[in-house]
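Inside the fold
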Amino acid sequence: MLKIANLTIEPALILAPMAGITDLAYRRLMRRFGCPLAFIEMINVRALSHNKNSTADFFLSDDTDRPLGIQILGREEKFILNALEEIHKHPIDILDFNAACPVRKVVRRGEGAALLKEPKRLAKLLRLIRKNTHLPLTLKIRTGWNKDCINAIEIASLGCDSGIDCLFIHGRTREQNYSNDIDYKTISKVKKSISIPVVASGNLLSAILAKKMLEETKVDGLSLARGTLGNPWLFKEIETFLEKGVILARPQLEEIVTVIFEHLDEMINSYGERIALKLFRKFIGWYFKGQRNVREIRELSNKIKTKQELLDLLSTNFLKKTEVTNE
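Here is a short report on the structure shown in this document. Residue positions are given per chain, counting from 1 as you read along its sequence in written order. In keeping with the model being predicted, local features are shown solely for residues with a pLDDT of at least 70 and side-chain atom pairs are shown and tallied solely at 80 or more, while totals for entire chains, interfaces and linings include all residues. To obtain the side-chain values, all non-hydrogen atoms of the structure were used and water was disregarded.

Section: the overall build of the chain
When you go through the chain residue by residue, the secondary structure sums to 13 helices and eleven strands. As defined in this context, the radius of gyration uses C-alpha atoms, and a globule is described by 2.2 Å times the residue total to the power 0.38. In terms of overall size, the chain behaves like a compact globule, its C-alpha atoms giving a radius of gyration of 20 Å where 327 residues would be expected to give roughly 20 Å. Projected onto its principal axes, the C-alpha positions of the chain cover 60 × 45 × 35 Å. Think of it in three bands: residues with accessible area under 20% of the maximum for their type are buried, residues over 50% are exposed, and the middle band is partly exposed, with areas taken using a 1.4 Å probe on protein chains only. Within the chain, the proportion of its 327 residues that are buried is 55%. Here the analysis covers contacts within the chain between residues at least 6 apart in sequence; of these, 68% occur between residues at least 24 apart. Residue exposure ignores everything except the shown protein chains as possible cover, and the areas themselves are Shrake-Rupley values with a 1.4 Å probe. Carbon and sulfur atoms form 48% of the exposed surface of the chain, whose accessible area is close to 15400 Å². Asp and Glu are treated as the negative residues and Lys and Arg as the positive ones, with His and the ends of the chain left uncounted. All charge positions are set by atom: Lys at NZ, Arg at CZ, Asp at CG, Glu at CD. Across the chain, the centroid of the 51 positively charged side chains sits 6 Å from that of the 40 negatively charged ones. Each helix corresponds to a stretch of at least 4 residues labelled H or I by DSSP, and each strand to a stretch of at least 2 residues labelled E; elements are numbered beginning at the N terminus. Contact criterion: two residues are considered in contact whenever any of their non-hydrogen atoms come within 4.5 Å of each other.

This is the structure we're talking about:
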């Protein structure tokens, strides 16, 4: 169980924000598979301030989609304040400030992981947010900027002094991006150095790796991202392995196809069939990762225009002996 301010998250597993991924359809699917807290996609405060009408779909949610978090990115105080005003109009339960994004265009603007090089500036922004929101406030960081600047302990301390309720830490530097090994030692040192909860992320692609993170760092919770792509079963796999030491069997193809259409139906409800199918294409490869003809399926799926066409494609390639309904 993870406690962040007035929120209780059990099991202590969180769906991290992922651009172009964690929309309402994705979040609802993950929640059905055991995800207790999910985040909307990360959003830049400048965009949220300037394009309030065009960001309306960004906040799409419903009563089943709670508790719900949002992660903001930025460095300009006036836009942060404008963004907070807009966020407070929606049913958001927790607010995360991003000082971890490694993308080049982001750090060039001095945002995301670039703020790890400006601890005083980061602390000032956190104090501003803390003063102007009633929401539980968290901070997402990395272990440092590069191997010569591992300053996560310093940043964590400044975050605590600035009023954050929980720290999220990715176990790599900005220089590493999403490659190379996880720095479990630094995460462990951060956990020991502060009194607030710490949630870790990085390489959480399986139940075994999740247990390794918990055992080596003693953090309070885990934030899942890429490991959930095509694998909503990951939440239950981790929970079961931690509680019982049992690795759940991978789902059969029939179950994977069933979940694919559950996911697609959720997207159709949000976007309509034509747009949903276009957006859904990227998920096909993830769901069938490791299958012999996944490349061919991915290429063919780029041409589909209806749900029935996708059903026919998957039935022909994966379910030749199985009757599949299209309800």
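Details of empty space enclosed by the protein
Grid points spaced at 1 Å over the protein atoms alone were grouped into cavities, where a 1.4 Å probe fits but cannot get out, and pockets, open sets with protein on both sides within 12 Å along at least five of seven lines, with lining residues defined by an atom within 4 Å of a point. Grid points are joined across faces, edges and corners, and a volume is the space filled by probe spheres set on the points. Tallied over the entire structure, the rule returns one cavity of 30 Å³ or more. Looking at the largest cavity, its volume works out to about 40 Å³. In terms of lining residues, the largest cavity is bounded by Ala16, Pro17, Phe39, Gln71, Asp96, Lys140, Phe168 and Ser223. Of the residues contributing to the lining of the largest cavity, the split by class is four nonpolar, two polar and two charged. Classes in brief: Ala, Val, Leu, Ile, Met, Phe, Trp, Tyr, Cys and Pro nonpolar; Asp, Glu, Lys and Arg charged; the others, Gly included, polar.

Side note on the pairing of strand β11 (residues 221-224)
Going residue by residue along β11, you find Gly221 and Ser223 tucked away on one face and Leu222 and Leu224 tucked away on the opposite face as well. When DSSP locates at least two bridges between a pair of strands, those strands are taken to pair. One ladder, built from two bridges, connects strand β10 (residues 198-201) with β11; its direction is parallel. From the neighbouring strand, Val199 faces β11, where its bridge partner is Gly221. Between β10 and its parallel partner β11, the chain crosses via helix α8 (residues 207-217), and the hand of that crossover is right-handed. Crossovers are described as right-handed under a simple rule: with the strands pointing away from the observer, the path leading from the first strand over the helix to the second runs clockwise.

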